[in-house]
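# A closer look at the structure
So you can see what is in the structure, the chains are spelled out below.
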Amino acid sequence: MVRGIDDRTERERVGEEAKRRAPISSPMDRYVVPAADLSAEKRMLHSWFRPRRAAVQLEGRIKSEYRRDMSALLVQSYSQVGTFSHLYHIDGQPCATHMNYIIDGVDHQGTLKRHGISAMEFDNQGVYLASVTKSGCLLVHDFESLHCQSNLVSLWSNEDEAKHLVHLSTKQQLDAVRWNPAHQDEIACTSQRSSEIYIFDVAYVSSEPVEVLRKRPAVTIHGYDIHKGLSDVAFASTDRSRVVASDTCGSINIWDRRIGDLPSLELTTNSHGPLNSLELDFENQIIFGAGKQGIVHIWDLRGGKTDAAFQSHKEGYYPPFTSVNLALLLEKIESLKAQSNIVLKEVHSIDMDPSSQHRLAFHLDDGWSGVVDLYTLEVTHIHCPPPAWLNSTSLSANLSYLRKPSWISTHEIYVVGSSSDDGIYLLDFHRHPSSPCHVDYREDTTKVVRARQNRFIPLSQGITACAAHPLNDTIVVGSKNASLMMISQRIQSCRGNDCQRKTEDFTV
């Protein structure tokens with residue numbers, strides 16, 4: 001009996017010692033759910049959200065997979081938030097584009113006259129947006145002003161003309177506009193009907209260009225002057241004095257503004273077809289040109305030669321070190337060849353991928369878009385929308401414009417105006433085979449995520465030019481009616497279950 005009492009006392013002593021060593025409980029312990037009680041679904045959600053969202057803040061960097069998913073959500077969030085008609089004035093009178101829109105309007109077939117926006121581009125910081133029209137107007141818009149007015153209730157807004165940094169008329173058609181990345185006060189404009197480059201300085205209040213660069217006159221053996229208009233223009237990113245322009249006779253001219261107003265180097269091709277678009281690589285040593293013949297010509301300015309051509313008043317001539325026939329590259333895609341009759345098509349535009357120096361995007365006259373890997377010279381992505389004739393779209397309305405797409409700089413998304421409908425395509429050109437445009441994409445074997453897909457955004461007018469803001473990914477497009485349209489995330493309020501439902505709609 002005594003032994004039993006001793007055993008009980010020992011047990012009580014051990015229990016009291018365990019309670020003393022146990023952590024002090026708090027009133028909140030009643031709300032704590034043991035980890036073992038969590039369901040498998042809750043554990044899965046916890047493991048998904050924490051690494052993908054919190055890790056961005058904890059690690060201080062964004063993983064490629066997370067950025068990829070955010071790009072998919074970005075594509076789904078876009079909508080038209082504002083439209084600004086070109087109803088502007090110069091010195092109190094309607095400008096040339098405004099007058100042509102009123103006079104020409106729309107003909108009986110529904111095709112618009114040539115007064116729309118032909119090109120546009122943001123400056124490096126996205127503060128200003130430059131645009132040019134077929135009627136010869138050059139405008140520099142204040143982006144913040146446009147963005148604020150686009151958040152109004154109505155999609156159609158009247159832009160405050162007092163906020164225009166520059167608005168002038170050159171009295172001739174304009175086809176290209178570029179900012180000088182090494183000197184952000186300068187803008188260059190070219191026209192297919194002129195052999196001159198007009199350089200404006202937005203810091204000066206003047207309707208006259210601060211500098212005009214000219215091509216050398218070309219004369220036939222019979223003494224006739226050959227007209228060579230300039231279709232596109234670009235500045236070297238590291239040298240503010242070097243300017244490059246493609247012409248309508250199949251060559252590219254390079255100016256050194258320190259020497260004079262005539263080109264110091266001409267890059268030639270073996271054809272006289274127009275080059276519609278040109279691009280420089282990140283080091284400004286390789287130049288790409290493409291146009292009517294459906295061929296991308298590539299020049300390497302290094303080429304084992306010195307820079308004597310840039311230091312002499314004598315002009316040098318250099319052929320491309322290689323030329324890529326896009327039709328032959330497309331024929332190598334077996335699935336595409338089996339479904340389509342692939343022929344040479346005019347190249348409207350080429351654009352270097354801002355995130356990769358070896359990917360060149362292209363856009364063809366029939367609306368096809370794709371990406372060429374410059375290392376392997378193979379087409380890695382292709383998008384083939386329905387042809388214009390399938391929707392009974394007037395071909396004459398499309399032939400008068402060169403459509404100019406744009407990359408969204410922070411994502412691998414290519415923004416393209418439709419050739420057959422009023423709207424734009426947001427094309428997923430991500431390098432991974434899960435991209436719906438990748439040539440190795442297989443819908444039956446690739447894990448398809450609903451949000452990862454191309455998207456068509458219908459708009460109220462036909463689109464000719466696109467530009468993406470370099471910082472916040474807002475898209476601004478120009479139309480055949482010379483209107484600017486802003487594509488971004490619509491600001492709207494919601495309550496209760498509506499907010500939850502909208503959040504779930506954009507969950508990957």
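Structure shown above.
What you see is a predicted model; the values in this text were computed from it and never measured. Sequence positions are assigned chain by chain, starting from 1 and proceeding in written order. Local features in a predicted model are, by the rule used here, given only for residues with pLDDT of at least 70; side-chain atom pairs are given and counted only at 80 or more, and totals for whole chains, interfaces and linings are based on all residues. The basis for every side-chain value is the complete set of heavy atoms in the structure, and neither hydrogens nor water enter the calculation.

### A few points about the overall build of the protein chain
So the rule is basically this: Segments assigned H or I by DSSP are reported as helices when at least four residues long, segments assigned E as strands when at least two residues long, and all are numbered from the N terminus. Under the scheme applied here, a residue whose accessible area is under 20% of the maximum for its type counts as buried, over 50% as exposed, and between as partly exposed, the area being computed with a 1.4 Å probe on protein chains only. By definition in these notes, contact holds between two residues if any of their heavy atoms fall within 4.5 Å. Where accessible areas are quoted, they stem from the Shrake-Rupley method and a 1.4 Å probe; at the residue level, only the protein chains shown are allowed to cover.
When you go through the protein chain residue by residue, the secondary structure sums to 10 helices and 34 strands. Residues counted as buried form 48% of the 508 residues belonging to the protein chain. Taking all contacts inside the protein chain whose residues are at least 6 apart in sequence as the whole, residues at least 24 apart take part in 57%. Element-wise, carbon and sulfur atoms account for 52% of the exposed surface of the protein chain, whose accessible area totals about 26600 Å².

### So, the packing of aromatic side chains
Given two aromatic rings, their pairing is described by the distance between the two centres and the angle made by the two planes. Formally: Only Phe, Tyr and Trp rings take part, Trp by its six-membered ring, and two of them pair if their centres are within 6.5 Å. Stacked means planes under 30 degrees apart, edge-to-face means over 60, and tilted covers everything else.
Summed over all chains, the structure comprises 5 aromatic pairs. Summarising the aromatic geometry, the rings of Phe122 and Phe143 are spaced 5.5 Å apart at their centres and angled 80 degrees between planes, so their arrangement reads as edge-to-face. Taken together, the residues Phe122 in strand E4 (residues 117–122) and Phe143 in helix H5 (residues 143–150) connect sequence positions 21 residues apart. Of the two residues, Phe122 and Phe143, both sit in the buried class.

### Things to note about the environment of Ala218
Topologically, Ala218 is positioned in strand E13 (residues 218–219). Classification of Ala218 by relative accessible area gives buried; the value is 16%. Considering only alpha carbons, one finds Ala218 and Lys228, 10 residues apart in sequence, at a separation of 8.1 Å.

### Let's talk about the sheet that holds strand E26 (residues 369–373)
Our working rule: Paired strands, as defined in this entry, are two strands with at least two bridges between them according to DSSP. Fitting a line to C-alpha atoms yields each axis, with helices limited to the stretch in contact; the angle taken between N-to-C directions then spans 0 to 180 degrees.
Pairing is antiparallel across the open sheet formed by 4 strands, whose spatial order is E24-E25-E26-E27. With partners counted over all chains shown, the strands left at the sheet margins are strand E24 (347–352) and strand E27 (378–383), one partner each. With direction set aside, neighbouring strand axes in the sheet form an average angle of 20 degrees. Pairing between E24 and strand E25 (residues 359–364): 5 bridges, direction antiparallel. In the sheet register, Asp351 faces E25, and the bridge partner there is Ala361.

### Comments concerning the pattern of salt bridges
As a reminder, the rule being used: The salt bridge criterion pairs a side-chain nitrogen of Lys or Arg with a carboxyl oxygen of Asp or Glu, the two atoms within 4 Å.
Taken as a whole and assessed by the stated rule, the structure comprises 17 salt bridges. Each of Asp353, Arg359, Glu412 and Arg431 takes part in salt bridges that share partners, so that together they form one network.

### A word on the environment of Pro263
When you line up the elements, Pro263 lands in the loop between strand E17 (252–256) and strand E18 (265–267). Judged by relative accessible area, Pro263 falls into the buried class, the value being 1%. In this structure the C-alpha to C-alpha distance between Pro263 and Ile252, which are 11 residues apart in sequence, comes to 9.8 Å.

### Observations regarding the nonpolar core
Stated formally: Among buried residues, those of type Ala, Val, Leu, Ile, Met, Phe, Trp, Tyr and Cys that are joined through side-chain atoms within 4.5 Å constitute a nonpolar core.
Residues Phe288, Leu326, Leu330, Phe362 and Ile382 are the most contacted members of the largest nonpolar core, which totals 25 residues. The set of elements that each furnish at least two residues to this core consists of strand E20 (286–291), strand E21 (295–300), helix H7 (326–331), E24, E25 and E27. Considering every element that reaches this core, the biggest residue donor is H7, with 4 residues. Excluding residues within four positions of it along the chain, Leu330 makes contact with Leu336, Ile342, Phe362, Trp368, Val379 and Ile382. Residues Ile117, Leu129, Ala465 and Met486 belong to the second largest nonpolar core, which totals 18 residues.

### A few points about the side chain of Gln80
The following threshold applies: Pairs of N or O atoms are called polar contacts if they sit within 3.5 Å, as long as, within protein, a hydrogen donor faces a hydrogen acceptor (for residues adjacent in sequence, only side-chain-to-side-chain pairs).
Within the element layout of this structure, Gln80 appears in strand E1 (residues 78–84). On the basis of relative accessible area, Gln80 is assigned to the buried category, the value being 11%. Here the side chain of Gln80 touches Thr83 through a polar contact of 2.6 Å, side chain to side chain.

### Regarding unusual backbone geometry
For Asp91, which is not glycine, the phi dihedral falls at a positive 55 degrees. With respect to the helices and strands, the residue Asp91 is situated in the loop between strand E2 (89–90) and strand E3 (93–94). Looking at Asp91, the relative accessible area reads 77%, which means it is exposed. The phi dihedral of Lys171 falls on the positive side, at around 65 degrees, and the residue is not glycine. Positionally, Lys171 belongs in the loop between strand E8 (166–169) and strand E9 (176–179).

### A short note on the pairing of strand E32 (residues 463–468)
With respect to burial, E32 is a largely interior element, 6 of its 6 residues being buried. Hairpin geometry of E32 and strand E33 (residues 475–479) is characterised by an intervening segment of 6 residues between the two adjacent antiparallel strands and by a positive phi of about 70 degrees at Asp473.

### With respect to the sheet that holds strand E6 (residues 137–142)
Strand order in the open sheet formed by 4 strands is E4-E5-E6-E8, with antiparallel pairing between adjacent strands. Bordering the open sheet on either side are E4 and E8, each of which pairs with just one other strand. Within the sheet, the average angular offset between the axes of one strand and its neighbour, ignoring direction, is 15 degrees. Sheet strands in contact with H5 are E4, strand E5 (128–133) and E6, and its direction is about 70 degrees off that of E6.

### Considering the layout of surface pockets
Stated formally: With a 1 Å grid laid over protein atoms only, a set of points is called a cavity when a 1.4 Å probe fits there but cannot get out and a pocket when it is open yet has protein on both sides within 12 Å along at least five of seven lines; lining residues have an atom within 4 Å of a point. Grid points are joined across faces, edges and corners, and a volume is the space filled by probe spheres set on the points. Three classes are used: nonpolar for Ala, Val, Leu, Ile, Met, Phe, Trp, Tyr, Cys and Pro, charged for Asp, Glu, Lys and Arg, and polar for all others, with Gly counted as polar.
In this structure, the largest pocket encloses a volume near 1100 Å³. Around the largest pocket, the lining comprises 42 residues; the ones closest to its centre are Glu121, Phe122, Arg178, Glu279 and Met352. Every element with two or more residues in the lining of the largest pocket is listed here: E4, E9, strand E15 (230–235), strand E19 (275–280), E24, strand E28 (406–408) and E32. Along the lines of polarity and charge, the residues of the lining of the largest pocket split into 22 nonpolar, 11 polar and 9 charged.

### Looking at H5
Given 3.6 residues per turn, any residue in an α-helix points the same way as the ones three and four places further on. Selection rule: The directions from the helix axis to the C-beta atoms form the arc being described.
Within the sequence span of H5, burial applies to Phe143, Ser145, Leu146, Gln149 and Ser150. Burial along H5 is one-sided: seen end-on, the buried residues are contained in an arc of 160 degrees. Where H5 begins, one side-chain oxygen reaches toward the backbone nitrogen of Glu144, 3.3 Å away; that side chain belongs to Asp142.

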